[in-house]
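# Chain and residue survey
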Amino acid sequence: MVVLRKLPGMPGWPAALGLRLPQKFLFLLFLSGLLTLCFGALFLLPDSSRFKRLFLPRRATASASSSSSASSSSASSSSTRDTDLPRSPPAAAEPRHASPAAPRRLREKLRTAARMAGPPARTAPGSRQQVQGGESRAQPASAAPPARETRAPFRFDYERFRRSLRHPVRGGRSGEDPETRARRMKIKEMMKFAWDNYKQYALGKNELRPLTRNGHIGNMFGGLRGATVIDALDTLYIMELEEEFQEAKQWVEKSFDLNVNGEASLFEVNIRYIGGLLATYYLTGEEVFKSKALELGEKLLPAFNTPTGIPRGVINLGSGMSWSWGWASAGSSILAEFGTLHLEFLHLSELSGNPVFAEKVRNIRRVLSRVEKPQGLYPNFLSPVTGSWVQHHVSIGGLGDSFYEYLIKSWLMSDKKDSEAKKMYDDALEAIEKHLVKKSAGGLTYIAEWRGGILDHKMGHLACFSGGMIALGAQHGAGDRRQRHMELAAEITSTCHESYTRSDTKLGPEAFRFDAGSEATATRLSERYYILRPEVVESYMYLWRLTHQPKYRHWGWEVVQALEKHCRVEAGFSGIRDVYTTTPTHDNMQQSFFLAETLKYLYLLFCEDDVLSLEDWVFNTEAHPLPINHTDLRAAGQP
Ligand code: DMJ
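Just so you know, these numbers come straight off a predicted model, no measurement behind them. (Residues numbered from 1 in each chain as written. Predicted model: local features only at pLDDT ≥ 70, side-chain atom pairs only at ≥ 80, totals over all residues. Heavy atoms only, no water.)

### So, the overall build of the chain
Counting secondary structure elements, the chain contains 22 helices and 19 strands. Taking contacts inside the chain between residues at least 6 apart in sequence as the whole, the part at least 24 apart equals 70%. Accessible surface, the chain as shown: approximately 26,600 Å² in total, 55% of it carbon and sulfur. (Helix = DSSP H or I, 4+ residues; strand = E, 2+ residues; numbered from the N terminus. Contact = heavy atoms within 4.5 Å. Areas by Shrake-Rupley, 256 points an atom, 1.4 Å probe, with all protein chains shown as cover.)

### Overview of the pattern of salt bridges
Two side chains carrying opposite charge are able to pair once their charged atoms lie near each other. Applying the stated rule across the entire model yields 35 salt bridges. K199 is paired through a salt bridge with E247; the nearest N and O atoms lie 3.1 Å apart. Of this pair, K199 sits in helix α7 (residues 178–202) while E247 is found in helix α9 (residues 242–255), placing the two residues 48 residues apart along the sequence. For K199, a relative accessible area of 30% gives the class partly exposed. For E247, a relative accessible area of 23% corresponds to the partly exposed category. Overlapping salt bridges bring together E449, R451, D456, R513 and E527 as one network. (Salt bridge = Lys/Arg side-chain N within 4 Å of Asp/Glu carboxyl O. Buried < 20%, exposed > 50% of the residue type's maximum accessible area, 1.4 Å probe, protein only.)

### Let's talk about the sheet that holds strand β3 (residues 263–265)
Remark on secondary structure: sheet strands pair via backbone hydrogen bonds, oriented parallel or antiparallel. Pairing is antiparallel in the open sheet, where three strands are placed in the order β3-β4-β5. Each having just a single partner strand, β3 and β5 (322–323) make up the two edges of the open sheet. Pairing between strand β4 (residues 314–316) and β5: two bridges, direction antiparallel. Residue pairing for β5: V314 is matched across the bridge by W323. (Pairing = 2+ DSSP bridges.)

### Focus on empty space enclosed by the protein
Evaluated as defined, the whole model comprises five cavities of 30 Å³ or more. Put simply, the largest cavity is a space of about 120 Å³. Lining the largest cavity are 13 residues, and of these G339, H342, R365, F403 and L407 sit closest to its centre. Among the elements of the structure, α14 (356–370) and α15 (401–413) are those that each provide at least two residues to the lining of the largest cavity. (1 Å grid on protein atoms, 1.4 Å probe; cavity = no way out; pocket = protein on both sides within 12 Å on 5 of 7 lines; lining within 4 Å. Points joined across faces, edges and corners; volume = space filled by probe spheres on them.)

### Topic: the nonpolar core
Residues L224, Y404, L507 and L563 are the most contacted members of the largest nonpolar core, which totals 160 residues. Among the elements that line this core, the one with the most residues is helix α10 (residues 266–284), at 11 residues. Ignoring sequence-local partners within four residues, the contact set of L507 consists of S499, Y500, Y530, V559, A562, L563, H566, C567, I576 and V579. (Core = buried A, V, L, I, M, F, W, Y, C linked by side-chain atoms within 4.5 Å.)

### Thoughts on the sheet that holds strand β7 (residues 381–382)
If you trace the three strands from one edge of the open sheet to the other, you get β6-β7-β8, paired in antiparallel fashion. Since the sheet does not close on itself, it has two edges, and those belong to β6 (333–334) and β8 (389–391), each with one partner. For β6 and β7, the ladder comprises two bridges, and the chain directions are antiparallel. Along β7, the bridge assignment pairs I334 with F381.

### Details of the site of the ligand
Around the ligand, the neighbouring residues are I271, R272, L462, R533, P534, E535, F593, E597, T621 and E622. Contacts to the ligand include E597, whose side-chain N or O atom sits 3.0 Å from an oxygen atom. Contacts to the ligand include E622, whose side-chain N or O atom sits 2.6 Å from an oxygen atom. Burial of the ligand by the protein amounts to 92% of the accessible area it has alone, namely 290 Å². Every element with two or more residues in the shell around the ligand is listed here: α10 and α21 (592–605). Residues of the shell around the ligand, tallied by class, amount to four nonpolar, one polar and five charged. (Near = heavy atom within 4 Å. Polar contact = N/O pair within 3.5 Å; in protein donor to acceptor, adjacent residues only side chain to side chain. Nonpolar A, V, L, I, M, F, W, Y, C, P; charged D, E, K, R; others polar.)

### Focus on helix α8 (residues 227–238)
Extensive coverage of α8 is indicated by the burial of 12 of its 12 residues. All buried positions along α8 are accounted for by A227, T228, V229, I230, D231, A232, L233, D234, T235, L236, Y237 and I238. Positioned one or two residues after α8, E240 has a phi angle of 60°, which is positive.

### Remarks on the confidence of the model for the chain
For the chain, the average pLDDT comes to 82, and 75% of its residues sit at 70 or higher. Confidence drops under a pLDDT of 50 for residues 1–19, and excluding neighbours within four residues, the segment shows 14 contacts in the predicted structure. (pLDDT = per-residue confidence, 0-100.)

### Some points on unusual backbone geometry
The backbone of L532 shows a phi angle near 70°, a positive value even though the residue is not glycine. Within the fold, L532 resides in the loop between β15 (511–513) and α19 (535–547). Residue L532 is classed as buried on the basis of its relative accessible area of 0%. With a phi angle near 60°, H548 is a residue other than glycine that sits in the positive phi range. Summarising the element assignment, H548 is placed in the loop between α19 and α20 (550–567). Residue H548 is classed as partly exposed on the basis of its relative accessible area of 39%.

### Here's the deal with the packing of α19 against α20
Interaxial distance between α19 and α20 falls to 8 Å at its minimum, and their mutual angle equals 155°. As the angle between them shows, α19 and α20 are arranged roughly antiparallel. Of the two possible hands of crossing, α19 and α20 adopt the one that is left-handed. Where α19 abuts α20, its residues V537, Y540, L543, W544 and T547 lie against P550, Y552, R553, W555, G556 and V559. Its residues placed into classes, the contact of α19 with α20 shows eight nonpolar, two polar and one charged. (Axes fitted to C-alpha atoms, helices over the stretch in contact; angles between N-to-C directions. Parallel < 35°, antiparallel > 145°, perpendicular 65-115°, else oblique. Left-handed = near helix turned anticlockwise from the far one by under 90°.)

### Some thoughts on the packing of aromatic side chains
Tallying each qualifying case throughout the model produces 31 aromatic pairs. Pairing Y378 with Y404 gives two aromatic rings, centres 6.4 Å apart and planes at 80°, and the pair type is edge-to-face. In this pair, Y378 is assigned in the loop between α14 and β7 and Y404 in helix α15, connecting sequence segments 26 residues apart. Relative accessible area serves as the criterion here: at 2%, Y404 is assigned to the buried category. An aromatic cluster is built from F156, Y158, F161, Y281, Y282 and W617, whose rings are joined through pairwise contacts. (Phe/Tyr/Trp six-rings, centres within 6.5 Å; stacked < 30°, edge-to-face > 60°.)

Take a look at the structure:
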């Protein structure tokens, strides 16, 4: 406007230019057109919010700019539902709608996302598959909120969560027969014995070596220590071993160091450490477990900086450098590893209010739901670079197992809202039933492995978890499907029981076969060992809770007796090298999952159903209980 004002003593500037009347009109017309254009541009071009702020009332501007973060935190405070977890602000989708201003803003967003995700993955030496600097360009899952510091401080409402549970976590103490109680107490004694010896000889190391009475560190946890402490916490709590729980908690408070620099398995750190810490936080409300879980969760994020967002299997927790396992074909990532993050990562977002964790696993789901499945099956090796399968080996045991488990449990944990997970599970199980489920000559049902269309008639001990999983999923199937799946679950569990009863120790081998005349027995020397694994008793526990057939408790008690006879040594429990001899040699290792899973599932088998009720909890693949999100209760405002 200033340009048209006639200044005192000065001619107007059209006149000053010596223009005549018609020319003046034309000139004014041109000027007003130009102004309209400029104004329009201020409002319509992207990145014009700062100009809008000059022209719009203050309140309207503020609410417009904060709406995305506000909605994300309110959603996160009310629900763990997959569909309700905090989402990234819309800006995260920006690369798809690039505007003229996009390159600079995109660079800023990527910088922010990189800050949220931790240090970038870098080149690693040797045979390892390395992450190239430019790869993260196409990373669709770096959906970190651009300005975490501008969001209101987030606080998870623990009391509200506890009120939403349908059962007391350690049960309601209803009547029971003395034999069941005595058996449960025996298992509690075994847990105390395992813990006491670990504490005495190996506290702060990852596992106990019970024969040599010292600690084992290993190379799975990237410099982290205390795997047995973290894995044991929730079992100690559930068994009401109060003093021992306090010892474990004190170690976490005083000695659990996350500033480590070593090569860790993303999967193992997630299922044991993050799972164990999350579960113990939910059970006790003690902040230390939550903060350690969140801090550790952040350290895992750089593993996702790949072109597809499918994480690599190994990460250096100090530098953030990540790579694929040397043994995994062509730098691939493993289905059971990247497919076993969903439960824990949703809870990391729920507890932190930070959507980045949920976005990472949602992206994995997206990649998997899009990729073509041979005969509907999911092979075990996927390239994190191209997002396609690298090899056609399918297994419900090692390398594949817990991917299937996390599909059905994601659906259950979402209070049955995550229908995409349920459909993926149903479709996968249908393909497994069609192509892999077989009956042996002796009438035993088993799940074979598949190598590019050729069946390998072998079941690993790891695959024995599937009896429990299929039974759990069957509860929610319609009519004949429910019955068919319950029968399948019972038959598989019975086959796994056979693999135990057909051995001299009454413990099962690492793998058993159904060929060359063998029926549920190991045929290779290298497959005859038992390392205190939980999968068979895990299935007994689910089948007991879902059918109440006494045989499952009976079978569980057989395992307790065999463990006592063959695995208990003077200073703890040890795995054995050959289940087919009654004088087995010990492997000198008390695995941390023995305390997290084997003893917990055995204990629960002899508990009332309301102890860690299946209505309130899902167990992660390391048997750490994570709560089901009861949105119905919360919405109704019930206690
Ligand atoms: C555990 O760490 C977990 O159950 C995992 O899913 C597979 N194997 C071990 C125990 O056998």
